[in-house]
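# Architecture at a glance
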Amino acid sequence: MIGDITMAKHRAPRYVRTKHALAGVPVAAGATVVGLSVLSTPAAQAATTHDWTGVAQCESGGDWDINTGNGYYGGLQFSQSTWAGYGGTGLAARADLATPAEQVQIAEKVLAGQGIGAWPTCGKRLTDGTTAVAVGTPAPAPAPVAAPEKVSVAGDAAPAGTYTVVRGDTLAKIAAAHGESWHELYQLNAGVIGSNPDVLVPGQVLATSGAAPATSVVAAPAPVTTHTLVATTTEAHITNSAGAVKPQAQAAANAVVSNVPGADGITLGGTRASAVDPGGHPSGLAVDYMVLENAALGDEIVAYHLAHWDELGVDYIIWEQEILTSPTGSWKQMEDRGSATANHMDHVHVNYEG
């Protein structure tokens, strides 16, 4: 353990937490799009009008591929309705799946249609010039993948890189057969599947990033294993409304309440079907540590997870309107969701690995 992890996160030597001014609501979700059409100007030309680097840094920490499940996507934090309304789905299903140049191309159209007020807080960082990251040399197109002899799950044979959904399929089943996670498969096909990854329709053709094995036998999924944790003396009581949390989430919560003074006296929130993050609360992989006004305790819980990131199996942490996805990374500002709880000001949200 390096340094004093009991210090508040703004002072802890183990990591640097960069605070930004709170971002306002990103690109407007209900833009009027009557009469709009996709511009024929190439993306590189659109990028020469303005430099969007500062806006992206403000909105997403400069992460053009970001998708935290908050309803806004990509470096400039487009809502899906705005992305679709201004022709973005002609380039990629969502903004985070588009290149920076394509995101800039749509941003220029939003700017022309709505003005800079579409980015009410971060728009002031837009300048004249060129968005450097958006005009780099395009990556070469990937080489085509040869089709395997058989598809490894039930359904019609299809070329490698695609799969046709049949009755009884689940996203997890298809993903496992193609050597990828269900989350990766959903991100790749969100435009086809829709907002609910649990609902597949026979006949849908999904893109896959992994080639199916030649055999038609689907291997059983690997058993869930928990990380070797520090000693625990207390069983965490987690409030669940949609079944128990996964064993790894329960084990991690046990470690927290056993080793962080005061954590055994707060409410812990687990499963709830109403949550919008399919890989979090509905799946039993997320725990909310409700510290309320006790921000110092929230800092302690965050510091403990940082010190035991791998042991606890942490996927990401959200605290005080910022998200951290790596123990050695930097905190990234999230958009203002309108309340202390929605902005994670009164609780630490931790997602654990599935």
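Bear in mind that the values here come from a model prediction, so they are computed numbers and not experimental data.

### Section: the overall build of the chain
Within the chain, the regular secondary structure consists of 9 helices and 13 strands. When burial is assessed residue by residue, the chain has 45% of its 354 residues classed as buried. Once local pairs closer than 6 in sequence are excluded, the contacts in the chain between residues at least 24 apart make up 63%. Of the roughly 16,700 Å² that the chain leaves accessible, carbon and sulfur atoms contribute 57%.

### Observations concerning the sheet that holds strand S10 (residues 314-319)
The sheet built from 7 strands is open, its strands ordered S7-S8-S9-S13-S10-S11-S12 with mixed pairing. Only two strands of the sheet have a single neighbouring strand rather than two, namely strand S7 (238-239) and strand S12 (332-333). Each of S7, strand S8 (267-269), strand S9 (286-290) and strand S13 (347-352) is contacted by helix H7 (residues 247-259), which is oriented at about 25° to S9, the strand it contacts most.

### Topic: the pattern of salt bridges
Under the counting rule described, the total for this entry stands at 4 salt bridges. Its salt-bridge partner being Arg272, residue Asp288 comes within 3.5 Å of it at the nearest N-O pair. Residue Asp288 is located in strand S9, and its partner Arg272 is located in the loop between S8 and S9; the two are separated by 16 residues in the primary sequence. Given the relative accessible area of 6%, Asp288 is considered buried. Across the pair Glu335 and Arg337 runs a salt bridge, and its minimum N-O distance is 3.1 Å. What makes Glu335 buried here is its relative accessible area of 4%. The exposure class of Arg337 is partly exposed, given its relative accessible area of 36%.

### Notes on empty space enclosed by the protein
Using the criterion set out here, one finds 3 cavities of 30 Å³ or more in the structure. Taken as a whole, the largest cavity spans an internal volume of roughly 50 Å³.

### Things to note about the layout of surface pockets
Of the voids in this model, the second largest pocket is the one considered here, and its volume is about 270 Å³. Lining of the second largest pocket is provided by 18 residues; of these, Arg272, Asp277, Arg337, His344 and His349 occupy positions nearest its centre. Among the elements of the structure, S9, S10 and S13 are those that each provide at least two residues to the lining of the second largest pocket. Its residues assigned to classes, the lining of the second largest pocket comprises 6 nonpolar, 8 polar and 4 charged.

### Some thoughts on H7
Here H7 is 13 residues long and its end C-alpha atoms lie 18 Å apart, about the 18 Å a rise of 1.5 Å per residue gives. Most of H7 sits out of view: 11 of its 13 residues are buried. Listed as buried for H7 are Gln248, Ala249, Gln250, Ala251, Ala252, Ala253, Asn254, Ala255, Val256, Val257 and Ser258. In this fold, the buried residues of H7 make contact with S7, S8, S9, helix H8 (295-307), helix H9 (309-312) and S13.

### Some points on the pairing of S9
With respect to burial, S9 is a largely interior element, 4 of its 5 residues being buried. Sheet topology places S8 next to S9; 3 bridges connect them, and they run antiparallel. Following the sheet pairing, Thr267 is matched in S9 by Met290. In this structure, S9 lies alongside S13, joined through 5 bridges in antiparallel fashion. Looking at the pairing, Tyr289 lines up with Val348 of S13.

### Let's talk about the environment of Gly279
Looking at the secondary structure, you find Gly279 in the loop between S8 and S9. C-alpha of Gly279 to C-alpha of Tyr352: the two residues are 73 residues apart in sequence and 9.5 Å apart in space. With residues up to four places along the chain from it excluded, the contact list for Gly279 reads Trp182, Leu285 and Asn351.

### Description of unusual backbone geometry
With a phi close to 50°, Glu320 is a non-glycine residue in the positive phi region. Here Glu320 lies in the loop between S10 and strand S11 (322-324). One non-glycine residue with positive phi stands out, namely His344, at about 60°. By the element assignment, His344 lies in the loop between S12 and S13.

### A short note on the environment of Trp319
Structurally, Trp319 can be placed in strand S10. Placed 15 residues apart in sequence, Trp319 and Met334 show a C-alpha to C-alpha distance of 9.9 Å. A polar contact of 3.1 Å, which involves the side chain of Trp319, links it to the side chain of Asp299.

### Description of the confidence of the model for the chain
Chain-level pLDDT for the chain is 74 on average; 73% of the residues reach the 70-or-more range. By mean pLDDT, the top-scoring element of the chain is S9 (95), and the lowest-scoring one is helix H1 (residues 43-46) (37). Throughout residues 1-48 the model reports pLDDT below 50, and contacts reaching past four residues in sequence, or to other chains, amount to 107 contacts. Ignoring residues within four places in sequence, the model shows residues 211-229, a span with pLDDT below 50, making 30 contacts including any to other chains.

Criteria and thresholds
Starting afresh in each chain, residues are numbered from 1 along the sequence in its written order. At least 70 in pLDDT is required for a residue's local features to be given in this predicted model, at least 80 for side-chain atom pairs to be given and counted, and no such filter applies to totals for whole chains, interfaces and linings, which use all residues. Hydrogens and waters are ignored; side-chain quantities use all the structure's heavy atoms. Think of it this way: any DSSP run of H or I at least four residues long counts as a helix, any run of E at least two long counts as a strand, and we number them from the N terminus. Any residue under 20% of the maximum accessible area for its type is buried, any over 50% is exposed, and the rest in between are partly exposed; the area is computed with a 1.4 Å probe on protein chains only. Residue contacts follow a heavy-atom distance rule, with two residues in contact if any of their heavy atoms lie within 4.5 Å. Here the Shrake-Rupley method, with its probe set to 1.4 Å, supplies the accessible areas, and only the displayed protein chains count as covering residues. Paired strands, in this sense, are two strands between which DSSP finds at least two bridges. Axis definition: a line fitted to C-alpha atoms, over the contacting stretch in the case of helices. Angles run 0 to 180 degrees between N-to-C directions. Each salt bridge in this description consists of a side-chain nitrogen of Lys or Arg and a carboxyl oxygen of Asp or Glu lying within 4 Å of one another. For each structure, a 1 Å grid was placed over the protein atoms alone; sets of points admitting a 1.4 Å probe that cannot get out are labelled cavities, open sets with protein on both sides within 12 Å along at least five of seven lines are labelled pockets, and lining residues have an atom within 4 Å of a point. Grid points are joined across faces, edges and corners, and a volume is the space filled by probe spheres set on the points. In this count, Pro and Cys sit with the nonpolar residues alongside Ala, Val, Leu, Ile, Met, Phe, Trp and Tyr, while Asp, Glu, Lys and Arg are called charged and the others, Gly among them, polar. Every helix has an expected span of 1.5 Å times one less than the residues it contains. Polar contact is defined as a pair of N or O atoms within 3.5 Å, subject to the rule that within protein one atom must be able to donate a hydrogen and the other to accept it, and that residues adjacent in sequence are counted only when both atoms are side-chain atoms. The pLDDT value tells you how sure the predictor is about a given residue, anywhere from 0 up to 100.

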